Amino acid sequence: MLTVQYAKSQPAIRFNALEPGFTATDLTAAVGGGRPPAESARTVVRLATLGVDGPTGTFQDEAGELPW
């Protein structure tokens, strides 16, 4: 809801929520597994570098938009 509200109130800025997937970090070390942080970061970079015509108010993962 917050992502959508920010997107509506600031139309010149792209606001999108992100699901990075199961990523190997210090927080997940006890569980084991997960993909490398650099792989998850690709989605972060893609959304951070969207152009002015890019989506806003969405929830996304590496495959694209997810339903709320």
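Up top is the structure these notes are about.
As the structure is a computational prediction, the values presented were derived from the model and not from experiment.

Colleague: Can you explain the overall build of the chain? Please cite residues and give values.
Modeller: The number of helices and strands found in the chain is two helices and three strands. Put simply, the chain runs from its N terminus to its C terminus through helices and strands in the order α-β-α-β-β. The C-alpha radius of gyration of the chain comes to 14 Å, more than 25% above the 11 Å expected for a compact globule of 68 residues. Projected onto its principal axes, the C-alpha positions of the chain cover 40 × 20 × 20 Å. Scored against the burial criterion, the 68 residues of the chain give a buried share of 24%. Counted over contacts in the chain with a minimum sequence separation of 6, partners at least 24 positions apart contribute 51%. When the accessible surface of the chain is summed, it comes to about 4800 Å², and 63% of that surface belongs to carbon and sulfur atoms.

Colleague: Go over the pairing of strand β2 (residues 58-61) with me, naming the residues and quoting the values.
Modeller: Where strand β1 (residues 16-18) and β2 come together, three bridges link them in parallel fashion. Of the residues in β2, the one forming a bridge with Asn 16 is Thr 58. In this region the chain leaves β1, passes through helix α2 (residues 37-48) and returns to the parallel neighbour β2; the handedness of that crossover is left-handed. Both β2 and strand β3 (residues 64-66) contribute to a ladder of three bridges, which runs antiparallel. Bridged to Asp 61 within β3 is Gly 64. The turn joining β2 and β3, which pair antiparallel and follow one another in sequence, is formed by two residues.

Colleague: Summarise the sheet that holds β1; cite the residues concerned and give the values.
Modeller: Sheet architecture is open: three strands sit in the order β1-β2-β3, paired in mixed fashion. The open sheet terminates on both sides in strands that have one partner only, identified here as β1 and β3. Averaged over neighbouring strand pairs, the angle between their axes works out to 45° when direction is ignored. Set on the sheet, α2 makes contact with β1, β2 and β3; between it and β1 the angle comes to about 175°.

Colleague: Can you tell me about the packing of aromatic side chains, naming the residues and giving the values?
Modeller: Across all of its chains, the model carries two aromatic pairs by this definition. A ring pair is formed by Tyr 6 and Phe 15, whose centres lie 5.3 Å apart and whose planes are at 40°; its orientation type is tilted. Tyr 6 gets classed as partly exposed once you look at its relative accessible area, which sits at 41%. Its relative accessible area of 22% is what places Phe 15 among the partly exposed residues. An angle of 25° between the planes, with centres 5.4 Å apart, marks the rings of Phe 59 and Trp 68 as stacked.

Reading guide: rules and limits
- Residues numbered from 1 in each chain as written.
- Predicted model: local features only at pLDDT ≥ 70, side-chain atom pairs only at ≥ 80, totals over all residues.
- Heavy atoms only, no water.
- Helix = DSSP H or I, 4+ residues; strand = E, 2+ residues; numbered from the N terminus.
- Rg over C-alpha atoms; globule rule 2.2 N^0.38 Å.
- Buried < 20%, exposed > 50% of the residue type's maximum accessible area, 1.4 Å probe, protein only.
- Contact = heavy atoms within 4.5 Å.
- Areas by Shrake-Rupley, 256 points an atom, 1.4 Å probe, with all protein chains shown as cover.
- Pairing = 2+ DSSP bridges.
- Right-handed = clockwise from strand over helix to strand, strands pointing away.
- Axes fitted to C-alpha atoms, helices over the stretch in contact; angles between N-to-C directions.
- Phe/Tyr/Trp six-rings, centres within 6.5 Å; stacked < 30°, edge-to-face > 60°.

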